[in-house]
Amino acid sequence: MNRLDATTPAGNDQFDWDHFDSEAYSDHNYRSVRDDDRQIMEIVRDFFATAGVPEGARGVDVGAGANLYPSLAMLPFCAHIDFWEYSASNVAWLTRQTASFDPNWDEFWDVYRSRSPYAELADPRRALAELAEVRQGSIFDLPAARWDLGTMFFVACSLSTDLAEFQRAVHAFVGALAPGAPFASAFMAKSQGYYVADNWFPAVAVDEAEVARTLAPVATDVRLTPIEIGDPIRDGYSGMIVATGRARRPD
Ligand SMILES: C[S@@+](CC[C@H](N)C(=O)[O-])C[C@H]1O[C@@H](n2cnc3c(N)ncnc32)[C@H](O)[C@@H]1O
């Protein structure tokens, strides 16, 4: 689907995710650490470092795409990290990068390793290779209550133009975590969609109130932080929102 068609609501299954250009996306967004990503990493790092994650946790990064910094935030806490990704091209990228990640990710790791327990992890490249399992699957098919720690960055807001799908995706992500498990998630604010190389991909224009409303039934201890951006490198959006919290325990 091209951008001109985007005035009509478009569902997740109407886009060619298997040909998402992982290299172009990663190169455009993550060649080096930008100030907005640094702010997000510091928030997530400080939350996970103090969240009391159980030893040998099982982590999951949902819709990991061509970004390693959410999963790197979980690295010191995990005995295993699943990468749950829908797109065949991103699965191939993740398989290569988790085996031995490119040097640009060292700069991202530097943001984490300024504090414990990240500082004690001597070889993150090797640790990721040992812990990672890349799996191809849809967020809408996640099992329930499987993981102890989770991340989902720019996925629920960026997989269709349909608000109901956004809400279902957020609920599927948090529902995949064990009750009480900490999570971190990031959302584009009011995004109109985005180009990856020449292909347009959809987004739903959410704000902080919508993120809070959507998380309320499934999460506790929710903390939302708006991230201002100086350089509009990503198309058609006006900032980001970071959410940290815990999967809600049954009443
Ligand atoms: C904007 S990218 C975000 C990628 C990465 N998490 C990041 O932080 O840059 C959106 C991601 O959602 C993935 N995606 C799209 N539909 C999905 C689905 N049904 N289930 C899981 N992931 C999906 C895409 O393949 C892509 O990796």
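Residues numbered from 1 in each chain as written. Predicted model: local features only at pLDDT ≥ 70, side-chain atom pairs only at ≥ 80, totals over all residues. Heavy atoms only, no water.

- The chain has the name SCO2525 family SAM-dependent methyltransferase in an unreviewed UniProt entry, where Micromonospora zhanjiangensis is given as its organism.

## Comments concerning the overall build of the chain
So, step 1. From N to C terminus, the chain includes eight helices and nine strands.
So, step 2. Taking 251 residues into account, the globule formula puts the C-alpha radius of gyration at 18 Å, and the chain, at 17 Å, falls close to it.
So, step 3. By its C-alpha atoms, the chain is 50 × 45 × 35 Å across when sized along the principal axes.
So, step 4. Burial statistics for the chain: of 251 residues in total, 54% are counted as buried.
So, step 5. Within the structure as shown, the chain displays about 10,600 Å² of accessible surface, and the carbon and sulfur contribution to it stands at 47%. (Helix = DSSP H or I, 4+ residues; strand = E, 2+ residues; numbered from the N terminus. Rg over C-alpha atoms; globule rule 2.2 N^0.38 Å. Buried < 20%, exposed > 50% of the residue type's maximum accessible area, 1.4 Å probe, protein only. Areas by Shrake-Rupley, 256 points an atom, 1.4 Å probe, with all protein chains shown as cover.)

## Quick word on the pattern of salt bridges
So, step 1. By the definition in use, this model includes 15 salt bridges.
So, step 2. Of the charged contacts in the structure, one is a salt bridge between Glu130 and Arg126, with a shortest N-O distance of 3.2 Å. Remark: Arg126 and Glu130 occur in helix α6 (residues 124–131); sequence separation between them is four residues, near one turn of the helix. Each member of the pair, Glu130 as well as Arg126, carries the same accessibility label: exposed.
So, step 3. Note that Arg246 is salt-bridged to Asp221, the shortest N-O span being 3.9 Å. Linking Arg246 in strand β9 (residues 240–247) with Asp221 in strand β8 (residues 219–227), this pair joins segments that are 25 residues apart in sequence.
So, step 4. Put simply, Arg34, Asp36 and Asp37 are held in one network by salt bridges that share partners. (Salt bridge = Lys/Arg side-chain N within 4 Å of Asp/Glu carboxyl O.)

## Quick look at the packing of aromatic side chains
So, step 1. Under the criterion given, the structure shown has 25 aromatic pairs.
So, step 2. Above the ring of Trp147, the side-chain terminus of Arg146 is found at 5.5 Å from the ring centroid.
So, step 3. The side chain of Arg168 reaches across the aromatic face of Phe140, ending 4.3 Å from its centre. (Phe/Tyr/Trp six-rings, centres within 6.5 Å; stacked < 30°, edge-to-face > 60°. Lys NZ or Arg CZ within 6 Å of the ring centre and 35° of its normal.)

## Some thoughts on helix α8 (residues 208–215)
So, step 1. Within α8 the residues assigned to the buried category are Glu210, Val211, Thr214 and Leu215. Mapping the buried residues of α8 onto a view down its axis gives an arc of 125°, with all of them on the same face.
So, step 2. Contacts from the buried residues of α8 go to α7 (163–175), β5 (182–188), β8 and β9. (Arc of directions from axis to C-beta. Contact = heavy atoms within 4.5 Å.)

## As for the site of the ligand
So, step 1. Lining the immediate environment of the ligand, one finds 21 residues, of which Tyr25, Tyr30, Gly63, Glu85 and Ile139 sit closest.
So, step 2. Ala64 has a polar backbone atom sitting 3.4 Å from a nitrogen atom of the ligand.
So, step 3. With respect to the ligand, the side chain of Asn90 contributes an N or O atom lying 3.0 Å from an oxygen atom.
So, step 4. If the ligand stood free it would expose 590 Å²; the protein chains cover 99% of that surface. (Near = heavy atom within 4 Å. Polar contact = N/O pair within 3.5 Å; in protein donor to acceptor, adjacent residues only side chain to side chain.)

## Notes on the nonpolar core
So, step 1. One finds Phe48, Tyr69, Ile139 and Phe187 to be the most contacted residues of the largest nonpolar core, which totals 84 residues.
So, step 2. A per-element tally of this core places α7 first, with six residues.
So, step 3. Among all residues touching Ile139, those that are not within four sequence positions of it are Val62, Trp84, Met152, Val155, Leu159, Ala169, Ala172 and Phe173. (Core = buried A, V, L, I, M, F, W, Y, C linked by side-chain atoms within 4.5 Å.)

## Quick look at unusual backbone geometry
So, step 1. The linkage connecting Ser116 with the following residue, Pro117, adopts the cis geometry, with an omega of 0°.
So, step 2. Counting through the fold element by element, Pro117 comes out in the loop between α5 (104–112) and α6.
So, step 3. The phi angle at Ala145 is positive, at roughly 55°, despite the residue not being glycine.
So, step 4. With respect to the element layout, Ala145 can be found in the loop between β3 (132–136) and β4 (149–153).
So, step 5. Positioned with a positive phi, Ala197 is a non-glycine residue whose angle comes to about 50°.
So, step 6. Residue position: Ala197 is located in the loop between β6 (194–196) and β7 (199–201).
So, step 7. Among the residues examined, Ala197 registers a relative accessible area of 45% and is labelled partly exposed.

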